[in-house]
Amino acid sequence: MNDLVKKNIEEKSVVWFSATNQYVVLENKTSDILFQLNKGVSFDEISKDLENEFQIPLVDALSFVQQIHDDIYIPNSSQKELETKENTTYNATKFSITKFYKIGDQVFKVDFQSEFEEYLVHPKFAHLEIDTSKDIHHTFQVFTENNVTFLVIDKKFIGSWPRKDIHYFQGKFSMYIVQYMHDKPEDEWMGIFHASGLGNTKKSLLLLGDSGNGKSTSLAILQANGLTCLADDFVPIDIEKRNVYTFPSAISIKRNSLETLLPLYPELENTAEFHFKRLNKIVRFLPPKINQPNYNLPCNDLVFIKYEKNSGINFESISKIDAFQQLIPDSWISNKKENVEVFLDWFAKTNCYKLTYSENDKMVSTIKKLLSNDL
């Protein structure tokens, strides 16, 4: 039997399947049938109830139940595992590059086999690099064999990822940084969100949006106007408090944003550029200004932001279901059932907005008012 969790949001049902760690938005009656199937109730019994409730032919009811079983229940009932294999020869691997990063009071040593592995990690953490250290808290080793990249931490094999799944490696690398810097193991995190987290002194919000919408540029503008950048692209929220925590990687700045940002951050003029061919983008990295590594703030606002030339400013509430379906694909949500329940309860209480703008000052004013509960 599958472990299922359901949350009713805006007259729809969001259902989580434990076997696949997938979320599906369904009509309420469809989710009721799913739960009946999961309990082992027969097709005939479910269909007869449908026949009586909706006054439809039994054959049509049977067909409907069969479709739900075949198209939704069965595909989400089989465990899907990422292929991973341990390499027992990593002790013999030659590492040509070693970096030291200081985050708070901890020092991380990272051994890279070559420039390829370095390029996967270093650009976003370069501002945290120190020359050397006698006190090392954790040692990460990254190497590649047969186009599969391996991660070993403190001599313990963590996982391996083929080239096509290299973003999963980057996510796992960052997840361990988060665990160590905040002293919280993986099952104490509700999720990691592909967003920008920022706040004032009392609360935070998430900026979300597709690549190219100007999310990180908006974050940089807001930081320059006195708000705190908690995290960019990799935003951790914990289970206990449902707070956004800091993650110290740099803000990604695309080339076409330089004209806007150089007056605010003159240092970007001489910052190195990195060409990420897989993503087809050229970026520079801007360090966040926060220097409190364990800082965290409550969050109950999600803002889908987009820069659009000559649009003025348009700020409005949007459907939570629409927001959920945009939020989930790029997010990592804990697959622990209790954590899933916390996540769905948290999301149901969030406020979801869409902000389209072309005037920076009005965008800044709107976000500040939202954070100050003045809207």
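Our subject is the structure that appears above.
Overview of the structure. If you're wondering where the values come from, they're calculated on a predicted model, not measured in any experiment.

Calculation criteria
- Here the residue numbers are simple positions, counted from 1 along each chain's written sequence.
- pLDDT decides what is reported in this predicted model: residues at 70 or higher carry local features, side-chain atom pairs at 80 or more are listed and counted, and totals for whole chains, interfaces and linings draw on all residues regardless.
- Side-chain figures throughout are based on the complete set of non-hydrogen atoms in the structure, without hydrogens or water.
- When DSSP finds two or more bridges between two strands, those strands count as paired.
- Secondary structure counts use DSSP, requiring at least four H or I residues in a row for a helix and at least two E residues in a row for a strand, with both numbered from the N terminus.
- For each residue, the accessible area found with a 1.4 Å probe, counting protein chains only, is set against the maximum for its type, and the residue is called buried under 20%, exposed over 50%, and partly exposed in between.
- By convention, a stacked pair of Phe, Tyr or Trp rings (six-membered ring in the case of Trp) has centres within 6.5 Å and planes under 30 degrees apart, an edge-to-face pair has planes over 60 apart, and any other such pair is tilted.
- We call a charge positioned over a ring when the NZ of a Lys or the CZ of an Arg lies within 6 Å of the ring centre and within 35 degrees of the ring normal.
- Working convention: axes come from line fits to C-alpha atoms, limited for helices to the stretch in contact. Angles between N-to-C directions cover 0 to 180 degrees.
- Note that the term roughly parallel is reserved for angles under 35 degrees, roughly antiparallel for angles over 145, roughly perpendicular for angles of 65 to 115, and oblique for everything else.
- Each crossing gets its hand from how the near helix is turned against the far one by less than a right angle, where anticlockwise is left-handed and clockwise is right-handed.
- The contact rule is simple, with two residues in contact once any of their heavy atoms fall within 4.5 Å.
- Polarity classes work like this: nonpolar for Ala, Val, Leu, Ile, Met, Phe, Trp, Tyr, Cys and Pro, charged for Asp, Glu, Lys and Arg, and polar for all others, with Gly in that last group.

**Looking at the sheet that holds strand S9 (residues 156–162)**
The strands making up a sheet are joined through hydrogen bonds of the backbone, oriented either antiparallel or parallel. Taken together, 6 strands build an open sheet; the order of strands is S6-S4-S5-S7-S8-S9 and the sheet is mixed. The outermost strands of the open sheet, each flanked by one partner alone, are strand S6 (129–130) and S9. The pairing of strand S5 (residues 106–112) with strand S7 (residues 138–145) spans 5 bridges and is classified as parallel. Across the sheet, the residue bridging to Phe112 is Val142, located in S7.

**A short note on the pairing of S5**
With 6 of 7 residues buried, S5 lies mostly within the body of the structure. With 7 bridges connecting them, strand S4 (residues 97–103) and S5 associate as antiparallel partners. The residue of S5 that forms the bridge with Thr98 is Asp111. Taking the residues that link successive antiparallel strands as the turn, the S4-S5 hairpin has 2 residues, and the phi of Gly104 there is positive, at about 65 degrees.

**What to know about the packing of aromatic side chains**
For the coordinates displayed, the defined rule picks out 26 aromatic pairs. Seen from their ring centres, Phe108 and Phe140 are 6.0 Å apart, and the 70 degrees between their planes marks the pair as edge-to-face. Of this pair, Phe108 sits in strand S5 while Phe140 sits in strand S7, placing them 32 residues apart in sequence. An identical accessibility class is assigned to Phe108 and Phe140; each is buried. Relative to Tyr180, the ring of Phe108 lies with its centre 6.3 Å away and its plane at 35 degrees, an arrangement referred to as tilted. On the criterion of sequence distance, the pair formed by Phe108 in strand S5 and Tyr180 in helix H5 (residues 166–182) is long-range, its members being 72 residues apart. When its relative accessible area of 1% is taken as the criterion, Phe108 is described as buried. Aromatic rings pair up to connect Tyr101, Phe108, Phe125, Phe140, Trp161, Phe169, Phe173, Tyr176, Tyr180, Phe234 and Phe247 into one cluster. The positively charged end of Lys6 is found above the aromatic ring belonging to Phe35, 5.3 Å away from the centroid.

**Some remarks on the packing of helix H2 (residues 43–54) against helix H3 (residues 58–73)**
Look at H2 against H3: their axes get within 8 Å of each other, and the N-to-C directions meet at 125 degrees. Regarding the angle of H2 to H3, the classification is oblique. The handedness of the crossing between H2 and H3 is right-handed. For the pair formed by H2 and H3, the contact residues are Phe43, Asp44, Ile46, Ser47, Lys48, Leu50 and Glu51 on the first element and Leu58, Ala61, Leu62, Phe64, Val65, Gln66 and His69 on the second. Classifying every residue of the contact of H2 with H3 by side-chain character gives 8 nonpolar, 3 polar and 3 charged.

In short, shape yes, function no, at least from these values alone.
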